[in-house]
Amino acid sequence: MYTAGNMTSLWARVEPLLARVQKPARYIGCEDGAITPRHAPGKVSWLLAYPDTYEIGLPNQGLQILNEILNERDDAVAERTYAPWHDLEALMRERNVPLFSVDTHRAAGDFDLLAFSLAAELVYTNVINMIDLAGVAVRSAHRETTDPLIVLGGHCAFNPEPLADYVDLVVLGEGEEVIGDITEVVREWKASGQTPGSRDGVLRELSKIPGVYAPAMYDVEYDGPALRAVTPKYADVPAVVHKRTVADLGEWPYPKSPLAPLTEVVHDRLAVEVFRGCTRGCRFCQAGMITRPVRERPADQVRTMIQNGLRRTGYDEVSLTSLSTADFSGIEQVTQAINPAGCGTSDTISISLPSLRVDAFTVGLAGQVAGGRRSGLTFAPEAGSWRLRQVINKLITEEDLYGAVESAFSQGWYRAKLYFLTGLPTETDADTLGIIDLARNCVQIGRKHTNRASVTVSLGGFVPKPHTPFQWFGQNTNDELRRKVQLVREASGRAKGVNVKWHDPSATLAEGIAARGDRRIGAVMERVWRAGGIFQEWSEFFRLGRWEDAMAAEGLSIEWYVHRHRDEHEVLPWDHLSAGLHKDFLWLDWKEALAEHGLPDCRWTPCYDCGVCTGYGIEHIVASPVPPAGGSQGTGQDLSRGGEIPVALLPRRREHTSEPATDRAVVPVVVPASDSEGVS
Amino acid sequence: MKLRLRHTKLGKIRFTSHRDTARHWERAVRKAQVPLAYSAGFTPRPRMSFGLALPTGAESLAEYLDMELAPEAGPDIDLADLAVRFSAELPVGYEVTHVVARDADSVPSLQEDVVACTWVLTLEGVEAHELRDTIERTLAVPSLMVDRERKGQRSTDDVRPAILDLSVAPSTDDPRPHLCAMLATNGRGLRPVELLAAMFPALDPVDTAARVLRTQQWIERDGLRREIIPAVPFATRTPVECA
């Protein structure tokens, strides 16, 4: 009765453990939409891992997309796994049960590749832990020929150096195409018998695939605490690895079979990705920098994916995902098509729009789609003063914010949440205290509509990230961040209706160590892990002391890695990895930031040559030639010029090469502005 | 139209919770495109109510829920067909075995109505004769005190009144002994694992309960116990694991 389809299933050993753990449904698979993996000799088997709990990892779209694409291939098979919670891990270690897949409960060590998706730095120790649980040597240098190849992908892969000694491969950028390229090389290697000593050879071969970085193929030289160079060991290994980018999202309508889990997860609704990339140019935002250019999904494909997804999963809620969904050209078309009758009936589909822009138009849109649930609405002004918002290029005027808040409270919402960063470049106490002024004004606006009106300020410490204009900035110290949080808390005590929540500055410091770390930080991660530091993004398991002790034990300075400002000529640990952005563009943008100059969104204004489109021969794919109605986040741009701005509507196909193309032969399709396009 | 349904919950999905089961049903109903009546109010919910919670990890041949169809479903809807449609849309391990129409208001809710459940427990580490002796001893004592924890509260209770019947279940192809227990659900009730803790204090009850299967839920009518919807012999779809 409990057979699981293949000889190597661990189910019979896992099953008795599940009676003793919390939330055993995390480990059984069986989701609606799950694909039955078809293992066969000769096929390349991937275990796609999310190094956090099932509830957080299951909704991850990247993992679902790659899982489908791989299982559609004749030469590949893929399964999924997530970090087992402490209780199960203890039982697994006690009874020698290795990390297993949730689909068919195969041992992780039986797969050809174990690939992790990394969304945040604090999960690095979970990656090491899961490699160890798989029964594989944690350091890549100690692995056997036929051990799984350990792969990293996701946003954190753009500085994988802290894990460079623990992984075999890193994939930069979007995975849809490159996983096929990797599969083919590994398939050949398997066919050749994986002879002893051939592991290095296959890594070298894989490092020739654009977008693939094999850390072991590079030498790292230091000059005291400084990094001197990261250079390839062989002539055929690229000096700079460039990210992979899917030119046309319309060609990848995945996931086609979205997963509806059997137990509650963090984003328990259908998700449909409406575009990738963001050119708002917020200078603190790594996601916006490394995912350029903007590529919208055709609106009719979005509609089809929503319809099919809802029918397959039985969900009654869909989230339209992107980095700023109100910027999607077809947003109103799509939302109106989902609920043509308007809201109020029993079979209404609710639509959630994460990452809302801050303006009244956006709130109006949210009002049309939110259905009955109107408790709280979230905005991210990020900084407390217009001056500082120009520094970070989050160009929201106070009028935008108040208009948005007015719109929200007048439409029935009674709670607003405002996200802010503290510890930003050039920040003064006046900027910090400006946060409470904004919040207090928002409460006042709300009280005109409801006595229940309240505003929650959510305060996060800023961590400078690689491949952003702020990568040279010295992160605020723990003490300084605590002082600023305290300033805000004290000011909020005098502001009625304003609540403050904040992120623990100690965790921000640990994030800072990992975010811009070099290879020497790997040993620190290993020490934190050996000291029991897993699930570090869970506050109940985080202790900064473990990180400080590990840094001290390795003789590394927190001041050097985290708090020091870098200069223009410093070799950065990720200089050999490229998201397409010119380093001199980023430096120039850093100087512009310090000069308090904002930079407009290049979707609707002329190119300022950040390097991505020109370098990779790809283009923005944006259906609307003008910024969305309601203004472009109050940028003060001259929006009347919208019609003159060249926007290429068609993707130009070009072979991706590891060397960025230097020629640029684009014939822009100029679309005249329609009179009816609302530009207010 | 108001309906009462009986279904199984077998195999890997036994590790999902009672709350999860409710969510599985909500999605299955939408997928099957069966129009349900909705509650009034700001956030309308489909009119479904579930019977006694099945402990996470336990299997069942006798789970129940009530639902109310929207008027547009019509009075002539084919109930046997509904069972098939729901089974097809539910996760593997559920099978809807009965769908019956229910008088509008005359029937009390499932939670109020059920007085007892019968469980078949497959025991690990217990010999058949040991089980027979323990059953005899347990039924003979006038009271049976158990330390247990409910919602974080520790208490010592006499659970003997909740034990309505114990017997050795006829053995199937599984050589391990099977304990058949009818346990009252009113008052604080008695959970199968608590029963094992009381019967075999020297053993770990979680390890001992290799399989926990609810086979019947009982209500009382005119002084007689009967099943909510009597199981007529039917060929259960063999639970197939999803992978």
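Bear in mind the structure is a predicted one, so any value in this text is a computation, not a measurement. Per-chain numbering applies: the sequence of each chain, read as written, is numbered from 1 onward. As a convention, the first chain written is A and the first ligand written is 1, with the rest following in written order. Restriction of local features to residues with pLDDT of at least 70 applies here, the model being predicted, together with a cutoff of 80 or more for giving and counting side-chain atom pairs; totals for whole chains, interfaces and linings are based on all residues.

1. Here we look at the overall build of chain B
Argument step 1. Elements are defined by DSSP. Helices are runs of H or I of four residues or more, strands are runs of E of two residues or more, and each kind is numbered from the N terminus. Each helix and strand in chain B was counted, giving six helices and eleven strands.
Argument step 2. Taking 243 residues into account, the globule formula puts the C-alpha radius of gyration at 18 Å, and chain B, at 19 Å, falls close to it.
Argument step 3. By its C-alpha atoms, chain B is 55 × 35 × 35 Å across when sized along the principal axes.
Argument step 4. Taking all 243 residues of chain B together, the buried fraction comes to 34%. For a compact globule the rule gives 2.2 Å times the number of residues to the power 0.38, and the radius of gyration it is set against comes from C-alpha atoms. As a rule, residues whose C-beta atom has 12 or fewer other C-beta atoms within 10 Å are exposed, those with 20 or more are buried, and those in between are partly exposed; C-beta atoms are placed from the backbone.

2. Details of the overall build of chain A
Argument step 1. Across its full length, chain A carries 21 helices and 19 strands.
Argument step 2. Expressed as a percentage of its 680 residues, the buried residues of chain A come to 54%.
Argument step 3. By definition, residues are in contact whenever their C-beta atoms, placed on the basis of the backbone, come within 7 Å of each other. Sequence-distant contacts in chain A: of pairs separated by 6 or more residues, those separated by 24 or more amount to 77%.

3. Things to note about the packing of helix α11 (residues 360-369) of chain A against helix α13 (residues 398-410) of chain A
Residue and element names in this part refer to chain A.
Argument step 1. One can describe the packing of α11 onto α13 by two numbers: an axis separation of 7 Å at closest approach and a directional angle of 25°. As judged from the angle between their axes, α11 and α13 are roughly parallel. Relative to α13, α11 is oriented so that their crossing is right-handed. In contact with Ala360, Thr362, Val363 and Gly364 of α11, α13 contributes Gly403, Ala404, Ser407 and Ala408.
Argument step 2. Any residue that is not Ala, Val, Leu, Ile, Met, Phe, Trp, Tyr, Cys, Pro, Asp, Glu, Lys or Arg is counted as polar, Gly included; the first ten are nonpolar and the last four charged. Its residues placed into classes, the contact of α11 with α13 shows four nonpolar, four polar and no charged. Helix axes use the C-alpha atoms of the stretch in contact, all axes being lines fitted to C-alpha atoms, and the angles between their N-to-C directions lie in the range 0 to 180 degrees. An angle counts as roughly parallel when it lies under 35 degrees, as roughly antiparallel when it exceeds 145, as roughly perpendicular when it falls between 65 and 115, and as oblique in every other case. Crossings are assigned a handedness: left-handed for a near helix turned anticlockwise from the far helix by less than a right angle, right-handed for a clockwise turn.

4. Considerations on the environment of Tyr94(B)
Residue and element names in this part refer to chain B.
Argument step 1. With respect to the secondary-structure elements, Tyr94 resides in strand β4 (residues 94-101).
Argument step 2. Looking at Tyr94, the number of C-beta atoms within 10 Å reads 24, which means it is buried.
Argument step 3. In this structure the C-alpha to C-alpha distance between Tyr94 and Ser60, which are 34 residues apart in sequence, comes to 9.4 Å.
Argument step 4. Apart from the residues lying within four places of it in its own chain, the contact partners of Tyr94 are His7, Thr8, Lys9, Ile13 and Ser87.

5. A few points about the pairing of strand β3 (residues 59-68) of chain B
All names here are of chain B.
Argument step 1. Within β3, seven of the ten residues are buried, leaving the element largely enclosed by the surrounding structure.
Argument step 2. By the bridge criterion, seven bridges tie strand β1 (residues 2-9) to β3 in an arrangement that is antiparallel. Residue pairing in the sheet places Arg6 in a bridge with Tyr64 of β3.
Argument step 3. Pairing geometry for strand β2 (residues 48-50) and β3, over three bridges, is antiparallel. Whether two strands pair comes down to DSSP finding at least two bridges between them.

6. Overview of the domain arrangement of chain B
Residues and elements named next belong to chain B.
Argument step 1. Residue ranges assigned to each domain were obtained from an automatic or database domain assignment. Assigned domains of chain B: these are domain 1 (2-107) and domain 2 (112-227).
Argument step 2. Using only C-alpha atoms to locate each centre, domain 1 and domain 2 end up separated by 27 Å.
Argument step 3. On the domain 2 side, the residues contacting the eleven residues of domain 1 number eleven residues.
Argument step 4. Classifying every residue of the side of domain 1 that touches domain 2 by side-chain character gives seven nonpolar, three polar and one charged.

7. Regarding the nonpolar core
Argument step 1. For this analysis, nonpolar core means a set of buried Ala, Val, Leu, Ile, Met, Phe, Trp, Tyr and Cys residues linked through C-beta atoms within 7 Å. In this structure, Trp46(A), Leu114(A), Val151(A), Val457(A) and Ile513(A) are the most contacted members of the largest nonpolar core, which totals 208 residues.
Argument step 2. Apart from the residues within four sequence positions on either side, Val151(A) is in contact with Leu113(A), Leu114(A), Ala115(A), Phe116(A), Val167(A), Asp168(A), Leu169(A) and Val171(A).

8. Some details on unusual backbone geometry
All names here are of chain A.
Argument step 1. A cis amide bond links Tyr254 with the next residue in sequence, Pro255, at an omega value of -5°.
Argument step 2. Following Arg292, the chain continues into Pro293 via a peptide bond in cis, with omega recorded as -5°.
Argument step 3. Of note, Pro293 is situated in the loop between α8 (286-290) and β12 (295-296).
Argument step 4. For Gln194, which is not glycine, the phi dihedral falls at a positive 45°.
Argument step 5. Taking the number of C-beta atoms within 10 Å as the measure of exposure, Gln194 has 16 and is therefore partly exposed.
Argument step 6. Of note in this structure, Glu382 is not a glycine but carries a positive phi near 70°.
Argument step 7. Assignment of secondary structure puts Glu382 in strand β15 (residues 376-382).

9. Considering the sheet that holds strand β5 (residues 169-171) of chain A
All names here are of chain A.
Argument step 1. Taken in spatial order, the six strands line up as β2-β1-β3-β4-β5-β6 in an open sheet, and their pairing is mixed. Every interior strand has two partners, whereas the edge strands, β2 (76-82) and β6 (212-213), have only one.
Argument step 2. Where β5 meets β6, two bridges bridge the pair, whose relative direction is antiparallel. Opposite Val170, over in β6, you have Tyr213 as the bridge partner.

10. Looking at the packing of helix α17 (residues 521-530) of chain A against helix α18 (residues 544-553) of chain A
Each packed pair of helices is defined by two parameters, the angle between the axes and the distance between the axes.
Residue and element names in this part refer to chain A.
Argument step 1. It is the contact of α17 with α18, at a shortest axis distance of 9 Å, that shows an interaxial angle of 135°. One way to sum up the angle between α17 and α18 is to call them oblique. As α17 packs across α18, the resulting crossing turns out to be right-handed. Judged by residue contacts, Val524, Arg527 and Val528 of α17 engage Arg546, Trp547, Ala550, Met551 and Ala553 from α18.
Argument step 2. Of the residues assigned to the contact of α17 with α18, the class counts are six nonpolar, no polar and two charged.

11. Quick word on helix α10 (residues 331-338) of chain A
All names here are of chain A.
Argument step 1. The complete set of buried residues in α10 reads Ile331, Val334 and Thr335. Viewed end-on, α10 has its buried residues packed into an arc of 95°, placing them on one side of the element.
Argument step 2. In the core, the buried residues of α10 are packed alongside α9 (299-313), β14 (350-352) and α11. Directions from the helix axis toward the C-beta atoms define the arc.

12. Remarks on the confidence of the model for chain A
Argument step 1. For every residue, the pLDDT score states the predictor's confidence, bounded by 0 at the bottom and 100 at the top. When the pLDDT values of chain A are averaged, the result is 89; 89% of them are 70 or greater.
Argument step 2. Considering only residues more than four positions removed or in separate chains, one finds that residues 634-680 of chain A, a stretch of pLDDT under 50, has 78 contacts.

13. A short note on the confidence of the model for chain B
Residues and elements named next belong to chain B.
Argument step 1. Looking at chain B as a whole, its pLDDT mean stands at 90, while 94% of the residues score no less than 70.
Argument step 2. Every residue in residues 233-243 scores below 50 in pLDDT, and together they form 24 contacts with partners more than four places removed in sequence or on other chains.
Argument step 3. For this predicted complex, the interface score ipTM comes out at 0.91, alongside a pTM of 0.91.

14. Some words on the sheet that holds strand β18 (residues 498-502) of chain A
Residue and element names in this part refer to chain A.
Argument step 1. Strand order in the open sheet formed by four strands is β15-β16-β17-β18, and the pairing between neighbours is parallel. Only two strands of the sheet have a single partner each, and these edge strands are β15 and β18. Averaged over all pairs of adjacent strands, the angle between strand axes in this sheet comes to 25°, irrespective of strand direction.
Argument step 2. Both strand β17 (residues 454-461) and β18 contribute to a ladder of five bridges, which runs parallel. Following the sheet pairing, Val455 is matched in β18 by Val498.
Argument step 3. On top of the sheet, helix α14 (residues 429-447) reaches β15, β16 (415-422), β17 and β18; it is set at about 160° to β17, its chief contact.

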